[in-house]
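Take a look at the letters that make up each chain.
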Amino acid sequence: MSETDPVAAFRVEAGEVLEQVEQGLLDLGHRLDDHDLIDAVFRGLHTLKGSGAMFGFDALASFTHHCETAFDRVRKNLTPATPQLIAVILSAQDHMRALIDGDGTERKAEGDAILAKLQAALDGAPAPTPAPAPAEQGWRLSLRLPPEAMQNGINPLTLLDELRTLGDCRVVARTEQVPLLGDLVPTHCMIGWDVELRGAVAKADIEDVFIFVMDDMDLQIEQIGPALCDDARNAAAAPAPFASPSPSASPSATTPASLPAPIDDSRPANAQEPAAAPNGRGAPKTGESVRVPAERLDLLMDRVGELVIVQSRLSQLAHSSAADVALHSISEEIERLASELRDTVMVLRMVPVATLFGRFRRLVHDIARDTGKTIELSTDGETTEVDKTVIERLADPLIHLIRNACDHGVEHPEQRLAAGKPVAGHVRLSARQEGGEVVITIRDDGHGIDRDRVRAKAESHGLIQPAQVVSDQELLQMIFHPGFSTAPQITSLSGRGVGMDVVKRTIESLRGTIDVESVLGQGSTVSLRIPLTLAIIDGLLIRVGDGRYVIPLGVVEECIELSLEEDLRSRGRSFITLRDRLVPFVRLREMFVTGTKPSVHQKIVIIATGTERVGLVVDQIIGSHQTVIKPMSPVHCNVPTFAGATILGDGGVALILDVVQLVALGQHQEERLRAVA
Amino acid sequence: MTMEETSQTEWDEDGWLEVLTFDLQTEKFAVEAVLVREILDLLPETVVPGADRLVASVANFRGKIIPIADLRLAFGLPFADSTMDSRIVVVELDVDGVQTQIGIRTDKVHEVTTLHRDASEPPPTVGLRWRRDYIRELVRTPQGVIVLANLARIFDPLLGGRGTTPVLAPALL
């Protein structure tokens, strides 16, 4: 379990690097001559190539190499960054992603086509600045192979010969590590080399020479020439001098250096590589950070949950035994620590939504290109933090909503001009925290939702009767019905009417809600309200018969008394009148077949999801309860009424009611009632 | 049926199998010792309304919610109140790669012992009140016959084969 699969680790990491490169490219589209961005993109490509080769993704390495070379030219001011070039590299990104995900051997033709375009983009661009004088350029290399390199079939001389093909070389052997003759193992390579390589050689070409031995060897590449040059601009455009290496730019130089020179077995060294590499590379951006598998955090969360439960038992004990003051104070101390620990662990799982929002810029960019619209995406509140599992499950619904906004919402430029709007459509994605919830809104300034069309469609689907009066909100919620789409034409992006219902279901499974506002001609706003975490909810603890249950507090509207007379009167009809509306109710005691007598003071808990309300008759309301949600065992997965379980202060178990299921049940009952009436 | 292959242990080369033996009413049962995680005193249980009667309740086992199974139902044995000897045997089954813990209510736990293949027989086709596929082997010992239960098969309808196989033969319920 704890052993991480190096290839999987590489995929995760490569995915992140690709994302960074993509962000860099998109930014670069606006600021074509930003050298920092160019460098960042180059470093990302370089990392991909290097680590791709390290983990056996040869197709990726060789493909990326070409993109890297292209960007290297940009970086050295040999070629200007052009929108065409950026577009080609963006499309190359998708190809790289495919190569990372699969073996990609059959995609060779696709890759070649992209490379051809890349070459065209490079050739088409005029060379603005002359190349720096070649005599100025060169590299100083210091290399040392692991002692058993020769046993593994590596011939250092061929490596040196290969270096010589790159340019004029001066090779000096370093013999200080060669032991006395008595201690010398003839098959060990104890000699190191210093090489001075003159000429305009790309660093990547030098590294290519060592591509197969890079993991184990000690290689330092230092630039001579431009580093000595006083021209500040030239220096900025040139590869970073080794004196201030960026770990991502030279993984080959940093990682092996941290390994001790003699390695008994090269395998363990390889196995450690993926674990060490992400930390090293993630570090410069995010400060000190550690990458931890999510399962370990879950495990930690479980342990903390147990601790909190045991602690509450201890504090019950301390309070009941009136005697011991010392026990009392210890118990209080532990209580404080446990609650702090829980808060700390909760925070560990939180991830800023920026990780999610970043992906959408590309999405909007592509949609704008495919549809011929001009769309700008702006985001704010990226620092809002949400539980990691929530983030992961939000991605698909958000993609769909943004597609909808771009495809259905924002109009074509000519329509926009005719409507007196700016040519560029605007989609705004924002996140903010409100209490225990995060609110994500997607706002577009398109033509809004046409109520008449929605109504016509709903009527044709038989969702509402022609003369039926429905509120505006109810009408807008119609778009979440399965198979409902008002787009006149079906495009590749959206309009097939699949998705909005899936969006709604996903959001509801996250215990969230979805609201739509729309002004015809001015645009629509979709707001998602989602709890910050799935691990803990505020719940209402209730008793039904002998069992205790938790109702998520977020859906509880109110609690009212069900007096004995009323209970008897409502025998024939299971609904009550609440503020001029009929609310059906379910007697949980009957539903759960408790076989107990009803309590004298029964209560009705009114729960609501969206516009539907249902009352739940319970025996007693115990109070609110901070609920750590535990999943039900797989053997209970066919019991739909419960969303999970939680452990109470006394160590007992309370089941958490699945409100959506209960409401569905209540509706079913209501329909039966109507049919009878 | 992947579950069966992974969680059932076979007789070793010499024909031995390590098991934990326990009583359900008057019958002596055994489960493979490698599946057993822990033996506990009875836990406070919470009834799950609507759940299958075989696993009608859950309990808090070290902060995890585990189902408590009553195998007496699977073998059509009469109910009886728990006694001082009643214990819960926590077993761990592999369900599609996920380790799932289940507590089994027993009337008495005996010992970890080894059974030999030569003393075992497949369940007979006649003279058996129980579903044959719930039994791996019947093993003769000096103290009487031990029923080596096929846990994977008993829980399979609840875990994987939902809706396809009847959970229990109606006659047994």
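For every chain, the first residue of its written sequence is number 1, and the numbers climb from 1 along that sequence. By the order in which they are written, chains take letters starting at A while ligands take numbers starting at 1. For this predicted model, a pLDDT threshold of at least 70 governs which residues receive local features, and a threshold of 80 or more governs which side-chain atom pairs are given and counted, while totals over whole chains, interfaces and linings are taken from all residues.

With that settled, consider the overall build of chain A. Secondary structure follows DSSP: runs of H or I at least 4 residues long count as helices, runs of E at least 2 residues long count as strands, and numbering of each begins at the N terminus. For chain A, the helix and strand inventory stands at 21 helices and 21 strands. The exposure label follows from counting other C-beta atoms within 10 Å of a residue's C-beta, where the C-beta atoms are placed from the backbone and the thresholds are 20 or more for buried and 12 or fewer for exposed, leaving partly exposed in between. Burial analysis of chain A (677 residues in total) assigns 32% to the buried set. Residue pairs at least 24 apart in sequence account for 69% of intrachain contacts in chain A once pairs closer than 6 positions are excluded. Note on contacts: each residue gets a C-beta atom placed from the backbone, and two residues are in contact if those atoms are within 7 Å.

Bringing the pairing of strand β11 (residues 135-141) of chain B into the picture now. Residue and element names in this part refer to chain B. In this scheme, strands are said to pair when DSSP sees at least two bridges between them. Here strand β10 (residues 120-121) runs beside β11; their pairing, made up of two bridges, is antiparallel. Within β11, the residue paired with S120 across the bridge is V139. When β11 meets strand β12 (residues 144-149), the two strands line up antiparallel, connected through six bridges. Bridge pairing links V139 to I146 in β12.

Let us now look at the interface of chain A and chain B. Between chain A and chain B, the residue contacts involve 23 residues of the former and 24 residues of the latter. Contributions of two or more residues to the side of chain A that touches chain B are made by α11 (294-320), β20 (642-647) and β21 (653-657) of chain A. Tallying contributions element by element places α11 of chain A first for the side of chain A that touches chain B, with four residues.

This brings us to the environment of L541 of chain A. Residue and element names in this part refer to chain A. Note on placement: L541 falls in strand β12 (residues 536-544). The partly exposed category is assigned to L541, around which 19 C-beta atoms lie within 10 Å. Spatially, the C-alpha atom of L541 lies 9.7 Å from that of L648, the residues being 107 residues apart in sequence. Excluding residues that lie within four positions of it along the chain, L541 makes contacts with R548, V550, I622, G623, H625 and A654.

This part is about the confidence of the model for chain B. Residues and elements named next belong to chain B. Each residue carries a pLDDT score, the predictor's own confidence in it, on a scale running from 0 to 100. Overall, the predicted model of chain B reaches an average pLDDT of 81, with 87% of residues at or above 70. Within the model, the stretch residues 1-8 combines pLDDT values under 50 with 16 contacts to residues more than four positions away or in other chains. Within the model, the stretch residues 162-173 combines pLDDT values under 50 with 14 contacts to residues more than four positions away or in other chains. For this predicted complex, the interface score ipTM comes out at 0.82, alongside a pTM of 0.52.

Spatially, six strands are ordered β9-β1-β2-β12-β11-β10 (chain B) in an open sheet, and the strand pairing comes out mixed. Strands at the two margins of the open sheet, each flanked by one partner only, are β9 (108-116) and β10 of chain B.

This part covers the confidence of the model for chain A. Residue and element names in this part refer to chain A. Looking at chain A as a whole, its pLDDT mean stands at 75, while 81% of the residues score no less than 70. Here residues 127-135 scores under 50 on pLDDT; set against residues more than four positions off or in separate chains, the count is 12 contacts. Considering only residues more than four positions removed or in separate chains, one finds that residues 226-286, a stretch of pLDDT under 50, has 95 contacts.

On to the sheet that holds strand β6 (residues 375-380) of chain A. Residues and elements named next belong to chain A. Taken in spatial order, the five strands of this open sheet run β6-β8-β9-β11-β10, and their pairing is mixed. A single partner strand is all that each edge strand has here, and the edge strands are β6 and β10 (513-519). Strand-to-strand twist across the sheet, computed as the mean angle between neighbouring axes with direction ignored, equals 15°. Two strands pair when backbone bridges link them, and β6 and strand β8 (residues 425-434) are joined in this way by six bridges, in the parallel orientation. In the sheet register, L377 faces β8, and the bridge partner there is V427. Only the contacting stretch of a helix is used when fitting its axis, a line to C-alpha atoms as for every element, and angles between N-to-C directions run 0 to 180 degrees.

With that settled, consider the packing of α11 of chain A against helix α12 (residues 325-348) of chain A. Residue and element names in this part refer to chain A. Relative orientation of the contacting elements α11 and α12 amounts to 160°, with a least axis distance of 9 Å. By the angle class used here, α11 and α12 are roughly antiparallel. Remark: the crossing between α11 and α12 carries left-handed chirality. Contacts between α11 and α12 involve L297, L300, M301, V304, L307, V308, Q311, L314, S315 and A318 from the first element and L327, H328, S331, I334, E335, A338, L341, R342, V345 and L348 from the second. Residues belonging to the contact of α11 with α12 are distributed by class as follows: 14 nonpolar, four polar and two charged. For classification purposes, an angle smaller than 35 degrees is called roughly parallel, one larger than 145 roughly antiparallel, one from 65 to 115 roughly perpendicular, and anything else oblique. Note on convention: near helix rotated counterclockwise from far helix by under a right angle means a left-handed crossing. Clockwise means right-handed. Each residue gets one label: Ala, Val, Leu, Ile, Met, Phe, Trp, Tyr, Cys and Pro are nonpolar, Asp, Glu, Lys and Arg are charged, and the others, such as Gly, are polar.

Where a protein is soluble and globular, its nonpolar side chains tend to be buried together. Counting 81 residues, the largest nonpolar core has I551 and L616 of chain A as its most contacted members. In contact with I551 of chain A, not counting residues within four places along its chain, are G539, L540, I542, V556, V605, I607, L657 and V659 of chain A. Take the buried Ala, Val, Leu, Ile, Met, Phe, Trp, Tyr and Cys residues, join any whose C-beta atoms are within 7 Å, and the set you get is a nonpolar core.

What follows is about the packing of helix α1 (residues 6-30) of chain A against helix α2 (residues 35-54) of chain A. Residue and element names in this part refer to chain A. α2 packs onto α1 with a crossing angle of 155° between their chain directions and a minimal axis gap of 9 Å. Classed by the angle they form, the pair α1 and α2 counts as roughly antiparallel. Once α1 is placed against α2, the crossing between them reads as left-handed. In this structure, α1 uses F10, A14, V17, Q20, V21, G24, L25, D27 and L28 to contact α2, whose residues at the interface are L37, I38, A40, V41, G44, L45, T47, L48, S51 and G52.

This part is about helix α14 (residues 388-409) of chain A. The length a helix should cover is 1.5 Å for every residue beyond the first. The end-to-end C-alpha separation of α14 of chain A is 30 Å, in line with the 32 Å expected for 22 residues at 1.5 Å each. Bend at a residue means the angle formed by two fitted axes: the first through the 7 residues ending at that position, the second through the 7 residues beginning there. In the structure, α14 of chain A departs most strongly from a straight axis at A395 of chain A, where the bend amounts to approximately 35° and where the proline P397 of chain A lies between one and four residues downstream.

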